[in-house]
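Structural overview
The lines below spell out each chain.
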Amino acid sequence: MKSHDKTSLLIHGGHVIDPAARIDAPMDILLKDGRVAEVAAPRKIKGADSRFDARGLIVAPGFIDLHVHLREPGQQHKETIATGTAAAATGGFTSVCTMPNTAPVVDSVEWVTWLRQSERGAVVSVFPIAAATRASKGAVLTDFAALQTAGAVAVTDDGKPILDDRVMREALILGGELNFPVVQHAEDTRMTADCSMHAGARSFRLGLRGMTAAAEASIVERDVQLAMQIPNARLHVAHVSTADALKALRRGKRNKSRITFEVTPHHFTLSDEDMRDYDSNYKMNPPLRSPADREAILAALADGTVDAIATDHAPHAHHEKEMEFERAAFGIAGLETALALAITRLHVGKRVPMGRIVELFTSGPVRCFDLRGRGSLVRGSFADVTIFDPKRKWTFDASKSLSKSKNTPFDGWQLTGKVMATIVGGKIVYTA
Amino acid sequence: MNAARGSLLGIEHLEAAEIMKILKLARRMNPDRPRPLLKGRRVVLLFYEASTRTRSSFEIAAKALGAHTVLIQASGSSIEKGESLLDTGYTLRAVGADAIVIRHPNAGAPQVMAQHLDVPVINAGDGLHEHPSQALLDAYTILRNKKSFKGLQVCIVGDIFHSRVARSACHLLSKFGVKVILCGPPELVPDIATTIAPGVRVTRHIEDALRGTDVVMLLRVQKERLAGMKIDLPEYIARYQMTPARLKTAKKDSIVMHPGPIIRGLELTSEVADGAQSRILAEVQNGVPTRMAILARAMGRMR
């Protein structure tokens, strides 16, 4: 891991929102030796090597993204850990959890260790999620215990859902014994062959085969059922996109099972009706759903059901996207627009309190995976801080993105809420 | 970036007046009396998918207007070597193509190409999406048999879901206020199909579809596009095959159309295919003047 800054930094004049510590007030924060040294009323902390003037800004625990594709090892033409984490810092993320569907698949202790080495050039903290089955083939479980010890924070076969009931049950049992979350990309791929968008009026008109909401909901229902039967099982459902899947998740949560889930900014912002015809910057998996699904997600974000906002940042090179829609790669970049979309859509649009939004990026994610010492600014925590201006209007210019790839439907969007500084381990890694 | 003027990517975004303009022009086109409107122009026929009717009639149409044609098919070209759609497009443009007629198995491929090229792109059928020249020649055929679109009822029977012909026909007919009835089993005619355009409805019963109908359009069950869908063919034949007896339910002066290729004994019997009401070969014939009009329009020779 990276070395911590030895000098002290005082963030003063800002408004601290730390949902885990129930703080929502003007406070100053002293960071020292890579940790939070003190949180106190304004002007109470004296003496610091350097100061950051946060007047008019919100000071929050460093944001955590549970779902990013940094494309290493093996797909450096799309993204690298260095470029992806630079984009993460721009978006206010101080920790990112990387998906294992790389080339090769991250299914071994060696690759988990490799991902965490400082030579990768990470600007923010990288937490690997390892494959749940060997080569993500869905048949034989990986060595969960060894992967966990090596630093993996969860297991998943993201993009290749675990369809076999027996394998999923085994994964949840073993994960339960180790207190290790199993992340599912919920899609019954037997129902989605050759599909490139959501099944609905729009897909019919465009002549594109559509993925039904049932293909997602049926897997979520099965997994929730399994999780309710297995003591201590930890199920985390990735990028939930449909109202039907939400229903199953609400049932599981009422049952007090250890079930968590994330939603993405694009699923709460856009629907299939917003797609520009055959523009592959609107192609991702799960696809943009119906407006009714989007409304259901917005409601679940507001009422506390959703645990976390995760970007599913999925960079692809130009030549992998600019082609026939059906053949183009699934996925869009998302790190640099996540907070602004949340503020624009949820806070400005739906009056969701800022505290709830911060929760979805901080204490919420920590509830999903065990990222000890993060997601809060209580004394002794890692000195990871995200400072943003909740009112600042700006225009996103994809061509200026630090990610290697520019595949986003939000290019040119006017957004509200801008990250002004990102601090990792007490060190400022990004300023606007 | 927008498509070049004269492109024909689909019927959906064409206005009724523009459609009538093309049909009027088609009426003045006669393949037996060539007009060198496109003398010296180069029309590339880029076919990623098999075709008999569409390809030959575009080729004959282009030649009747004095244009050179070059046929490029997926097999035997650089496409086989993995060249991308856009690179193929740039190459053809560099070689001097003045217009590209493209057939492609993926919906939207002509649009993607048109957005990157400065020459008109003509969609000769893209995946399940649209087949605008077929809809135009069908409209031409209907107008040769019926006075106008006014008050007409058209039923389309068969595999609507996999049919770009049906999608284009629905858009076109709807723009002229024609009542369109889609008929077939739910697997092939999903209820969502009614959302494609105003005035489109769905029925599962062939008699319901035929009653009061002026034009009976039949479609082939596209086995190659079913993608694992199970269709009980004997059941399909029992419920939807067009027979002389069934055809009696439609208006007396109704006509039977089919974009081809027809499968005798499946979606229709030979008696219907070869019967007095059939306009199946007339459609093929009408394809040439219609495509002459489309090509003339593409290269700015509307007069």
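Residues numbered from 1 in each chain as written. Chains lettered and ligands numbered in written order. Predicted model: local features only at pLDDT ≥ 70, side-chain atom pairs only at ≥ 80, totals over all residues.

1. Here we look at the overall build of chain A
Keep this limit in mind: Under the scheme used here, helices are H or I runs from DSSP no shorter than 4 residues and strands are E runs no shorter than 2 residues, and both carry numbers assigned from the N terminus. With C-alpha atoms as the basis for the radius of gyration, the globule rule is written as 2.2 Å multiplied by the number of residues raised to the power 0.38. In this scheme the burial state of a residue depends on its C-beta neighbours within 10 Å: 20 or more other such atoms mean buried, 12 or fewer mean exposed, and anything in between means partly exposed; the C-beta positions come from the backbone. Contact criterion: two residues are in contact if their C-beta atoms, reconstructed from the backbone, are within 7 Å.
Of the regular secondary structure elements, chain A holds 13 helices and 20 strands. In terms of overall dimensions, chain A is globule-like: its C-alpha atoms have a radius of gyration of 20 Å, near the 22 Å expected for 432 residues. Along the three orthogonal principal directions, the C-alpha set of chain A runs to about 60 × 45 × 40 Å. In chain A, buried positions account for 60% of the 432 residues. For chain A, long-range pairs separated by at least 24 residues make up 75% of all intrachain contacts whose partners lie at least 6 apart in sequence.

2. Quick look at the overall build of chain B
Helix and strand counts for chain B stand at eleven helices and nine strands. Over its C-alpha trace chain B gives a radius of gyration of 19 Å, about what one expects of a compact globule, namely 19 Å for 303 residues. Judged by the C-alpha coordinates and their principal axes, chain B covers about 55 × 45 × 35 Å. Per-residue burial for chain B yields a buried fraction of 48% across its 303 residues. The long-range share in chain B, meaning contacts at least 24 apart out of those at least 6 apart in sequence, stands at 76%.

3. Details of the nonpolar core
The line we're drawing: For our purposes the nonpolar core covers buried Ala, Val, Leu, Ile, Met, Phe, Trp, Tyr and Cys residues that link as a set through C-beta atoms within 7 Å. Where each domain starts and ends comes from a domain assignment, either automatic or drawn from a database.
In this structure, I29, V59, V155 and L249 of chain A are the most contacted members of the largest nonpolar core, which totals 123 residues. Of the domains in this structure, domain 1 (9–58 + 382–431) and domain 2 (62–368) of chain A are the two that each give at least three residues to this core. Sequence-distant contacts of V59 of chain A, that is, excluding residues within four places in its chain, are made with I11, G14, H15, V16, I29, A54, V385 and I387 of chain A. Judged by nonpolar contacts, the second largest core, of 100 residues, contains A329 of chain A together with L38, L92 and V157 of chain B.

4. So, the interface of chain A and chain B
Basically, it comes down to this: Classes in brief: Ala, Val, Leu, Ile, Met, Phe, Trp, Tyr, Cys and Pro nonpolar; Asp, Glu, Lys and Arg charged; the others, Gly included, polar.
Between chain A and chain B, the contact holds 18 residues from the first and 21 residues from the second. Sorting elements by how many residues they give to the side of chain A that touches chain B places helix α5 (residues 201–206) of chain A first, with four residues. Tallied by class, residues from the side of chain A that touches chain B come to eight nonpolar, three polar and seven charged.

5. Here we look at the domain arrangement of chain A
Residue and element names in this part refer to chain A. Each domain of chain A was delimited in the assignment, giving domain 1 (9–58 + 382–431) and domain 2 (62–368). Averaged C-alpha coordinates put domain 1 and domain 2 at centres separated by 25 Å. The partner domain 2 presents 42 residues to the 31 residues of domain 1 that form the contact. Contributions of two or more residues to the side of domain 1 that touches domain 2 are made by β18 (385–395), β19 (414–424) and β20 (427–431). The element contributing the most residues to the side of domain 1 that touches domain 2 is β19, with eight residues.

6. Here's the deal with the domain arrangement of chain B
Residue and element names in this part refer to chain B. Partitioning chain B into domains gives domain 1 (16–130 + 287–298) and domain 2 (133–283). The interface of domain 1 with domain 2 comprises 18 residues on the first partner and 15 residues on the second. Breaking the side of domain 1 that touches domain 2 down by element, the ones donating at least two residues are α1 (16–27), α2 (53–64), β4 (121–126) and α11 (280–298). Top contributing element to the side of domain 1 that touches domain 2 by residue count: α1, with five residues. Across the side of domain 1 that touches domain 2, the residue classes break down as eight nonpolar, six polar and four charged.

7. Notes on helix α4 (residues 165–178) of chain A
All names here are of chain A. To be explicit about the condition: Here a helix's expected span is defined as the number of its residues, less one, multiplied by 1.5 Å.
A rise of 1.5 Å per residue sets the reference length of α4, with its 14 residues, at 20 Å; its end C-alpha atoms lie 20 Å apart and thus fit the reference within 8%. What α4 keeps buried is the set M168, A171, L172, L174 and G175. The inward-facing, buried residues of α4 contact α3 (144–150), β11 (154–156), β12 (182–184), α6 (213–229) and β15 (234–237). Backbone geometry just downstream of α4 places N179 in the positive-phi region, at approximately 60 degrees.

8. Comments concerning the pairing of β19 of chain A
Residue and element names in this part refer to chain A. Quick note on the threshold: Should DSSP find at least two bridges between two strands, the strands are regarded as paired.
In terms of residue burial, β19 counts as a mostly covered element, since eight of its eleven residues are buried. Looking at chain direction, β18 and β19 are connected through eight bridges and run antiparallel. By the bridge assignment, T386 is partnered in β19 with T422. Between β19 and β20, which pair antiparallel one after the other, the connecting turn spans two residues, and G425 there sits at a positive phi close to 60 degrees.

9. Some details on the sheet that holds strand β1 (residues 42–47) of chain B
Strand pairing within a sheet occurs via backbone hydrogen bonds; the two strands may be parallel or antiparallel. All names here are of chain B. Counted only if it meets this: Axis definition: a line fitted to C-alpha atoms, limited for helices to the stretch in contact. Angles are taken between N-to-C directions and run from 0 to 180 degrees.
A sheet is described by the order of its strands in space; here four strands give the open sequence β2-β1-β3-β4, paired in parallel fashion. Each edge of the open sheet is held by one strand with a lone partner, namely β2 (68–73) and β4. Neighbour to neighbour, the strand axes of the sheet diverge by 15 degrees on average, direction disregarded. Where strand β3 (residues 99–104) lies against β4, four bridges are found, and the strand directions are parallel.

10. Structural notes on the packing of helix α5 (residues 132–145) of chain B against α11 of chain B
Between two packed helices, the angle of one axis relative to the other and the distance separating the axes together describe the packing. All names here are of chain B. Rules: Take the far helix as your reference; a near helix turned counterclockwise from it by less than a right angle gives a left-handed crossing, and one turned clockwise gives a right-handed crossing.
Orientation of α5 relative to α11, taken along the N-to-C sense of each, is 115 degrees, at an axis distance of 8 Å. Like other packed secondary-structure pairs, α5 and α11 cross with a definite hand, here right-handed. Between α5 and α11, the contacting residues are S133, L136, L137, D138, Y140 and T141 on the first element and A282, E283, N286, G287, T290, R291 and I294 on the second.

11. Here's the deal with the environment of R372 of chain A
All names here are of chain A. For R372, the location among the structural elements is in the loop between α13 (363–368) and β18. C-beta crowding within 10 Å serves as the criterion here: with 8 such atoms nearby, R372 is assigned to the exposed category. Linking R372 and F382, residues ten residues apart in sequence, is a C-alpha distance of 9.0 Å.

12. Some points on the sheet that holds strand β6 (residues 50–53) of chain A
All names here are of chain A. If you trace the four strands from one edge of the open sheet to the other, you get β5-β4-β1-β6, paired in mixed fashion. For this open sheet the edge positions go to β5 (35–40) and β6, each flanked by a neighbour on one side alone. The sheet shows a mean angle of 20 degrees between the axes of neighbouring strands, direction not considered. As paired elements, strand β1 (residues 9–12) and strand β4 (residues 28–32) share three bridges and run antiparallel to each other. When the bridges of β4 are listed, I11 appears paired with I29.

13. Re the confidence of the model for chain B
Note the cut-off: The quantity called pLDDT is the predictor's confidence in a given residue, expressed from 0 to 100.
Here chain B averages 94 in pLDDT, and 97% of its residues register 70 or above. What the predictor reports for the complex is a pTM of 0.95 with an ipTM of 0.96.

14. Observations concerning the pairing of β1 of chain A
Residues and elements named next belong to chain A. Here β1 shows no split at all, with L9 and I11 on one side and L10 and H12 on the other all buried. As paired strands, β1 and β6 are joined by four bridges and run parallel to one another. Each bridged residue has a counterpart across the sheet, and for L9 the counterpart in β6 is S50.

15. A word on the environment of T94 of chain A
All names here are of chain A. Among the structural elements, T94 can be located in strand β9 (residues 93–98). Between the C-alpha atom of T94 and that of V124, which follows or precedes it by 30 residues, the distance is 5.0 Å. Those residues within four positions of T94 in sequence are excluded, and the remaining contacts are G62, F63, V124, S125, D384, T386, T422 and V424.

16. Some remarks on the packing of α5 of chain B against helix α6 (residues 164–175) of chain B
Residues and elements named next belong to chain B. The test is simple: For classification, angles of less than 35 degrees are called roughly parallel, those exceeding 145 degrees roughly antiparallel, those between 65 and 115 degrees roughly perpendicular, and all remaining angles oblique.
The interhelical angle for the contact between α5 and α6, taken along N-to-C directions, is 55 degrees, at an axis separation of 8 Å. The angle between α5 and α6 places the two elements in the oblique class. The handedness of the crossing between α5 and α6 comes out as right-handed. Contacts between α5 and α6 involve P132, Q134, A135, D138 and A139 from the first element and V165, S168, A169 and L172 from the second. Tallied by class, the residues present in the contact of α5 with α6 amount to six nonpolar, two polar and one charged.

17. Digging into unusual backbone geometry
With an omega of 5 degrees, the peptide bond running from A103 of chain A to P104 of chain A counts as cis. Note that the residue after G260 of chain B, namely P261 of chain B, is joined by a cis bond; omega there is -5 degrees. Topologically, P261 of chain B is positioned in the loop between β9 (255–257) and α10 (270–273). A positive phi is found at D194 of chain A, a non-glycine position, where the angle reads about 65 degrees. Of note, D194 of chain A is situated in the loop between β12 and β13 (197–198). The phi angle at N232 of chain A is positive, at roughly 70 degrees, despite the residue not being glycine.

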